[in-house]
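Commentary on secondary and tertiary structure
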Amino acid sequence: MKKILIILLTLGCLSLSAQTELLQFPEDFYGIYKGDLLITNARGKQAIQMEFHLNPTDSIGKYQYMLVYIMDGNRQERHYNLLEKDVVKGEYIVDENNGIVIDAKLIDNTLFSMFEVQGNILTTTERFYKDSMDFEITFANKAGQTKSGTEGEDATEVISYPISVLQKAHLIKQ
(Lines give C-alpha, C1' and ligand atoms only; values in the text may rest on other atoms or scores of the structure.)
Protein backbone atom coordinates (compact mmCIF):
# COMPACT_ATOMS: atom_id res chain seq x y z
CA MET A 1 0.00 0.00 0.00
CA LYS A 2 2.85 2.41 0.84
CA LYS A 3 4.48 1.72 -2.53
CA ILE A 4 1.26 2.57 -4.38
CA LEU A 5 0.91 5.82 -2.42
CA ILE A 6 4.52 6.78 -3.19
CA ILE A 7 4.02 6.03 -6.88
CA LEU A 8 0.83 8.12 -7.01
CA LEU A 9 2.50 11.04 -5.23
CA THR A 10 5.49 10.86 -7.57
CA LEU A 11 3.25 10.81 -10.66
CA GLY A 12 1.27 13.77 -9.30
CA CYS A 13 4.44 15.78 -8.74
CA LEU A 14 5.74 14.93 -12.22
CA SER A 15 2.40 15.98 -13.73
CA LEU A 16 2.52 19.37 -11.95
CA SER A 17 6.14 19.84 -13.02
CA ALA A 18 5.29 19.03 -16.63
CA GLN A 19 2.45 21.60 -16.62
CA THR A 20 4.81 24.33 -15.40
CA GLU A 21 7.43 23.38 -17.99
CA LEU A 22 4.86 23.71 -20.80
CA LEU A 23 4.42 27.41 -20.04
CA GLN A 24 6.70 29.61 -22.14
CA PHE A 25 8.33 32.75 -20.80
CA PRO A 26 7.42 35.51 -21.40
CA GLU A 27 4.42 34.85 -23.69
CA ASP A 28 2.39 32.75 -21.26
CA PHE A 29 2.83 35.34 -18.52
CA TYR A 30 1.78 38.53 -20.31
CA GLY A 31 -0.61 40.61 -18.28
CA ILE A 32 -1.11 42.80 -15.25
CA TYR A 33 -0.60 41.34 -11.79
CA LYS A 34 -1.92 43.03 -8.64
CA GLY A 35 -1.62 42.54 -4.90
CA ASP A 36 -0.05 43.85 -1.72
CA LEU A 37 3.67 44.31 -1.25
CA LEU A 38 4.75 43.53 2.31
CA ILE A 39 7.86 45.43 3.39
CA THR A 40 9.72 44.18 6.46
CA ASN A 41 12.64 46.09 7.98
CA ALA A 42 14.02 47.11 11.39
CA ARG A 43 11.07 49.48 11.94
CA GLY A 44 8.51 46.71 11.43
CA LYS A 45 6.13 45.80 8.64
CA GLN A 46 4.25 47.89 6.10
CA ALA A 47 1.91 46.93 3.26
CA ILE A 48 1.36 48.91 0.06
CA GLN A 49 -0.49 48.09 -3.14
CA MET A 50 1.60 46.89 -6.04
CA GLU A 51 1.20 46.06 -9.72
CA PHE A 52 3.52 44.29 -12.12
CA HIS A 53 2.96 44.63 -15.89
CA LEU A 54 4.58 42.32 -18.44
CA ASN A 55 3.47 42.84 -22.04
CA PRO A 56 4.81 42.65 -25.59
CA THR A 57 5.99 45.72 -27.51
CA ASP A 58 6.27 46.40 -31.23
CA SER A 59 9.93 45.30 -31.12
CA ILE A 60 10.99 41.65 -31.24
CA GLY A 61 12.81 40.62 -28.06
CA LYS A 62 11.66 43.70 -26.12
CA TYR A 63 8.89 43.59 -23.52
CA GLN A 64 7.11 46.13 -21.34
CA TYR A 65 8.20 45.55 -17.74
CA MET A 66 6.53 47.97 -15.38
CA LEU A 67 6.42 48.13 -11.59
CA VAL A 68 3.71 50.22 -9.92
CA TYR A 69 3.68 51.12 -6.23
CA ILE A 70 0.53 52.73 -4.81
CA MET A 71 0.94 54.63 -1.53
CA ASP A 72 -1.78 56.84 -0.08
CA GLY A 73 -3.59 56.73 -3.44
CA ASN A 74 -0.53 57.96 -5.36
CA ARG A 75 0.75 55.75 -8.20
CA GLN A 76 4.49 55.56 -8.65
CA GLU A 77 5.10 53.91 -12.04
CA ARG A 78 8.50 52.60 -13.06
CA HIS A 79 8.54 52.08 -16.83
CA TYR A 80 11.24 49.55 -17.67
CA ASN A 81 11.84 47.13 -20.52
CA LEU A 82 12.85 43.50 -20.44
CA LEU A 83 15.26 42.70 -23.28
CA GLU A 84 16.27 39.31 -24.61
CA LYS A 85 20.02 38.78 -24.45
CA ASP A 86 20.32 35.00 -25.05
CA VAL A 87 16.98 33.21 -24.65
CA VAL A 88 18.52 29.73 -24.99
CA LYS A 89 20.74 30.46 -21.98
CA GLY A 90 17.90 32.25 -20.14
CA GLU A 91 19.73 35.59 -20.24
CA TYR A 92 17.74 38.82 -20.17
CA ILE A 93 18.37 42.47 -19.33
CA VAL A 94 16.13 44.79 -17.33
CA ASP A 95 16.55 48.22 -18.92
CA GLU A 96 15.44 51.02 -16.62
CA ASN A 97 15.53 53.41 -19.61
CA ASN A 98 17.85 55.83 -17.82
CA GLY A 99 21.26 54.28 -18.47
CA ILE A 100 20.85 51.57 -15.81
CA VAL A 101 20.72 48.00 -17.12
CA ILE A 102 20.57 44.91 -14.89
CA ASP A 103 21.35 41.36 -15.93
CA ALA A 104 18.59 38.83 -15.26
CA LYS A 105 18.64 35.04 -15.46
CA LEU A 106 15.56 32.92 -16.22
CA ILE A 107 15.46 29.47 -14.62
CA ASP A 108 12.23 27.44 -14.43
CA ASN A 109 9.96 30.43 -15.13
CA THR A 110 11.73 32.42 -12.42
CA LEU A 111 13.64 35.60 -13.23
CA PHE A 112 16.61 36.29 -10.92
CA SER A 113 18.83 39.35 -10.69
CA MET A 114 21.44 40.55 -8.22
CA PHE A 115 23.01 43.99 -8.23
CA GLU A 116 24.67 46.59 -6.05
CA VAL A 117 23.54 50.19 -5.71
CA GLN A 118 24.66 52.84 -3.22
CA GLY A 119 26.39 50.30 -0.96
CA ASN A 120 23.45 47.88 -0.93
CA ILE A 121 23.24 44.43 -2.50
CA LEU A 122 19.78 43.66 -3.88
CA THR A 123 18.48 40.30 -5.03
CA THR A 124 15.27 40.20 -7.04
CA THR A 125 13.22 37.05 -7.64
CA GLU A 126 10.13 36.98 -9.85
CA ARG A 127 8.49 33.54 -9.97
CA PHE A 128 5.73 33.16 -12.56
CA TYR A 129 2.79 30.75 -12.34
CA LYS A 130 -0.17 30.27 -14.68
CA ASP A 131 -2.40 32.88 -12.96
CA SER A 132 -0.11 34.61 -10.46
CA MET A 133 3.45 35.51 -9.59
CA ASP A 134 5.65 35.93 -6.55
CA PHE A 135 7.79 39.07 -6.37
CA GLU A 136 10.59 39.39 -3.84
CA ILE A 137 13.48 41.76 -3.23
CA THR A 138 16.04 41.40 -0.45
CA PHE A 139 18.37 44.24 0.59
CA ALA A 140 21.69 43.86 2.38
CA ASN A 141 24.00 46.74 3.26
CA LYS A 142 27.62 46.00 2.37
CA ALA A 143 28.80 47.93 5.43
CA GLY A 144 27.13 45.32 7.67
CA GLN A 145 29.19 42.48 6.25
CA THR A 146 30.69 39.77 8.44
CA LYS A 147 33.88 37.93 7.49
CA SER A 148 34.78 34.42 8.57
CA GLY A 149 36.70 31.53 7.14
CA THR A 150 39.07 28.66 7.46
CA GLU A 151 42.81 28.77 7.99
CA GLY A 152 45.72 26.82 6.62
CA GLU A 153 46.89 25.90 3.15
CA ASP A 154 43.37 25.83 1.67
CA ALA A 155 42.14 28.90 3.55
CA THR A 156 38.73 30.17 2.47
CA GLU A 157 37.28 33.56 3.35
CA VAL A 158 33.50 33.89 3.48
CA ILE A 159 31.75 37.25 3.56
CA SER A 160 28.09 37.31 4.58
CA TYR A 161 25.65 40.17 4.24
CA PRO A 162 22.73 40.24 6.71
CA ILE A 163 19.38 40.99 5.08
CA SER A 164 18.02 44.31 6.35
CA VAL A 165 14.90 44.71 4.21
CA LEU A 166 12.54 42.20 2.60
CA GLN A 167 9.89 43.19 0.05
CA LYS A 168 7.54 40.35 -0.80
CA ALA A 169 4.29 40.07 -2.76
CA HIS A 170 2.01 37.40 -4.19
CA LEU A 171 0.38 39.08 -7.17
CA ILE A 172 -2.72 37.79 -8.97
CA LYS A 173 -3.02 38.02 -12.76
CA GLN A 174 -5.98 40.22 -13.74
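Here, every reference points to the structure presented above.
Summary of the structure given here. Remember, it's a predicted structure, so these values are computed and weren't measured experimentally.

What counts, and where the lines are drawn
Residues numbered from 1 in each chain as written. Predicted model: local features only at pLDDT ≥ 70, side-chain atom pairs only at ≥ 80, totals over all residues. Heavy atoms only, no water. Buried < 20%, exposed > 50% of the residue type's maximum accessible area, 1.4 Å probe, protein only. Helix = DSSP H or I, 4+ residues; strand = E, 2+ residues; numbered from the N terminus. Pairing = 2+ DSSP bridges. Salt bridge = Lys/Arg side-chain N within 4 Å of Asp/Glu carboxyl O.

Our focus in this paragraph is the pairing of strand β9 (residues 132-141). Counting buried positions along β9 gives seven out of ten residues, so the element sits mostly inside the fold. Pairing between strand β8 (residues 120-128) and β9: nine bridges, direction antiparallel. Across the sheet, Thr123 pairs through a bridge with Thr138, a residue of β9. With antiparallel pairing between neighbouring strands as the criterion, β8 and β9 make up a hairpin whose turn holds three residues.

Evaluated as defined, the whole model comprises four salt bridges. Across the pair Glu77 and Arg75 runs a salt bridge whose closest N-O atoms are separated by 3.1 Å. Note on Glu77: relative accessible area 36%, which makes it partly exposed. Of the charged contacts in the structure, one is a salt bridge between Glu116 and Lys142, with a shortest N-O distance of 3.4 Å. Remark: Lys142 occurs in the loop between β9 and β10 (146-149) and Glu116 occurs in strand β7 (residues 110-117); sequence separation between them is 26 residues. On the basis of relative accessible area, Lys142 is assigned to the partly exposed category, the value being 28%. Bridged by salt links that share partners, the residues Glu51, Arg75 and Glu77 form one connected network.

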